[in-house]
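Each chain, written out:
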Amino acid sequence: MVRMSADERRESVIRAATSEFARGGYHGTSTEAIAKRVGVSQPYLFRLFPGKKAIFLAASERCMEDTVRTFREASEGLEGEEALHAMANAYIKVIAEQPERLMMQMQTYVAVAAAEAEGEYGFGETVRAGWMRLWDTVHLPLGADVNETTTFMAYGMLVNCLVAMGFPPEHRVWEGLYPSARAKGRLEK
C-alpha cells in the first residue's frame, strides 16, 4: 500500500470536507465524519488542520478558487458578451456536474452570517476577500464595467439559489434569464 504525503492527505481532507460540509453545513458536520471519509483518525486530522474552522475555511477557499479558475479559463482571450456567455456556460456546467461545489458555496455564506452574528468576523473577512478575487476575475473580461459585473454576479447568485432550491430546468422561473444563464437542458440529472 502506497502512503500519502501530508500534502496529499491534506488534499483528501479538503475534498472530503467539501462533501461533508456541502450536505451538513458547518454546525451540522462533525470532524469525525470528515476523518472517517478520509480514512484517518481525528488526531491525525488535527495534525493537518488546527481545528474544524480551519478545515471549513480551507474547503471554502478551495471552492472559491475553483470558481475563479473556471471563470478565468472560460474567458481567456474573450471580452464583453463573448466572455460573459463563456463564463456563464462554464459555471452552469460546473454546478450541474459538481453540485457539491454549489452547496459548499451556499453553506459558506450561511456560515459567515452565523459567525458574524456571534461576533466572529475573521471568517467573513477571508470569504469576502475570496469573493473580491471572483469579482475581479469577472470584471476585466466584462470590460471593467461595474454594471455588467454586478449584473453577471447577480444572475449567478440567482442561478445558485434556483438550482439549490431544485427548480427543474423547464420551470418558468428560468425564462427571464439571459440564454447562457438558463438552466434548460443543462441541469438535468
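Note that the structure is a prediction, hence the values are computed from the model and not measured. (Residues numbered from 1 in each chain as written. Predicted model: local features only at pLDDT ≥ 70, side-chain atom pairs only at ≥ 80, totals over all residues. Heavy atoms only, no water.)

1. Here's the deal with the overall build of the protein chain
Reasoning step 1: Per the secondary structure count, the protein chain includes 8 helices and 0 strands.
Reasoning step 2: Counting helices and strands in the order they occur from the N terminus, the protein chain gives α-α-α-α-α-α-α-α.
Reasoning step 3: The C-alpha radius of gyration of the protein chain comes to 18 Å, within 12% of the 16 Å expected for a compact globule of 189 residues.
Reasoning step 4: On the principal axes, the C-alpha backbone points of the protein chain span a range of 50 × 40 × 35 Å.
Reasoning step 5: The buried share of the protein chain, reckoned over its 189 residues, is 43%.
Reasoning step 6: Total accessible area on the protein chain stands at roughly 10300 Å², and carbon and sulfur atoms take up 54% of it. (Helix = DSSP H or I, 4+ residues; strand = E, 2+ residues; numbered from the N terminus. Rg over C-alpha atoms; globule rule 2.2 N^0.38 Å. Buried < 20%, exposed > 50% of the residue type's maximum accessible area, 1.4 Å probe, protein only. Areas by Shrake-Rupley, 256 points an atom, 1.4 Å probe, with all protein chains shown as cover.)

2. So, the state of the cysteines
Reasoning step 1: Applying the stated criterion across every chain yields a total of 0 disulfides.
Reasoning step 2: C63 carries a free sulfur, and the closest cysteine sulfur to it, the one in C161, is 14 Å from it.
Reasoning step 3: The class for C161 is partly exposed, based on a relative accessible area of 31%. (Disulfide = S-S within 2.5 Å.)

3. Comments concerning the pattern of salt bridges
Reasoning step 1: Following the criterion strictly, the structure yields 9 salt bridges and no others.
Reasoning step 2: Taking the shortest distance from any N to any O, the salt bridge between E11 and R62 comes out at 2.6 Å. Remark: R62 occurs in helix 4 (residues 52-75) and E11 occurs in helix 1 (residues 6-24); sequence separation between them is 51 residues.
Reasoning step 3: Its salt-bridge partner being R69, residue E73 comes within 3.9 Å of it at the nearest N-O pair. (Salt bridge = Lys/Arg side-chain N within 4 Å of Asp/Glu carboxyl O.)

4. Things to note about a negative patch on the surface
Reasoning step 1: Residues E79, E81, E82, D145 and E148 make up a contiguous surface patch of negative charge.
Reasoning step 2: Tracing the chain through its elements places D145 in the loop between helix 7 (122-139) and helix 8 (146-164). (Patch = residues over 30% accessible without salt bridge, like charges linked within 9 Å, V, L, I, M, F, W, Y side chains within 5 Å. Lys, Arg positive; Asp, Glu negative; His and termini not counted. Charge placed at Lys NZ, Arg CZ, Asp CG, Glu CD.)

5. Some details on the nonpolar core
Reasoning step 1: V13, F21, I34, F49, I55, M104 and F123 are the most contacted members of the largest nonpolar core, which has 24 residues in total.
Reasoning step 2: Of all the secondary structure elements, the ones that give two or more residues to this core are helix 1, helix 2 (31-38), helix 3 (42-48), helix 4, helix 6 (99-117) and helix 7.
Reasoning step 3: In this structure, V68, A83, I95 and V159 belong to the second largest nonpolar core, which totals 23 residues. (Core = buried A, V, L, I, M, F, W, Y, C linked by side-chain atoms within 4.5 Å.)

6. Remarks on the confidence of the model for the protein chain
Reasoning step 1: Scored by pLDDT, the protein chain has a mean of 90; 93% of the residues are at 70 or more.
Reasoning step 2: Scored below 50 in pLDDT, residues 184-189 shows 15 contacts in the model against residues more than four places distant or in partner chains. (pLDDT = per-residue confidence, 0-100. Contact = heavy atoms within 4.5 Å.)

7. What to know about the environment of A117
Reasoning step 1: By secondary structure assignment, the location of A117 is in helix 6.
Reasoning step 2: Here A117 falls in the exposed class, since its relative accessible area comes to 70%.

8. Remarks on the packing of helix 5 (residues 80-97) against helix 8
Reasoning step 1: Two elements in contact, helix 5 and helix 8, have axes whose closest approach is 12 Å; the angle formed by their N-to-C orientations is 20°. Classified by the angle their axes make, helix 5 and helix 8 are roughly parallel. Our pair here, helix 5 against helix 8, has a crossing hand that is right-handed. Where helix 5 abuts helix 8, its residues L84, M87, A88, Y91, I92 and I95 lie against E148, F152, V159, N160 and V163.
Reasoning step 2: Of the residues contributing to the contact of helix 5 with helix 8, the split by class is 9 nonpolar, 1 polar and 1 charged. (Axes fitted to C-alpha atoms, helices over the stretch in contact; angles between N-to-C directions. Parallel < 35°, antiparallel > 145°, perpendicular 65-115°, else oblique. Left-handed = near helix turned anticlockwise from the far one by under 90°. Nonpolar A, V, L, I, M, F, W, Y, C, P; charged D, E, K, R; others polar.)

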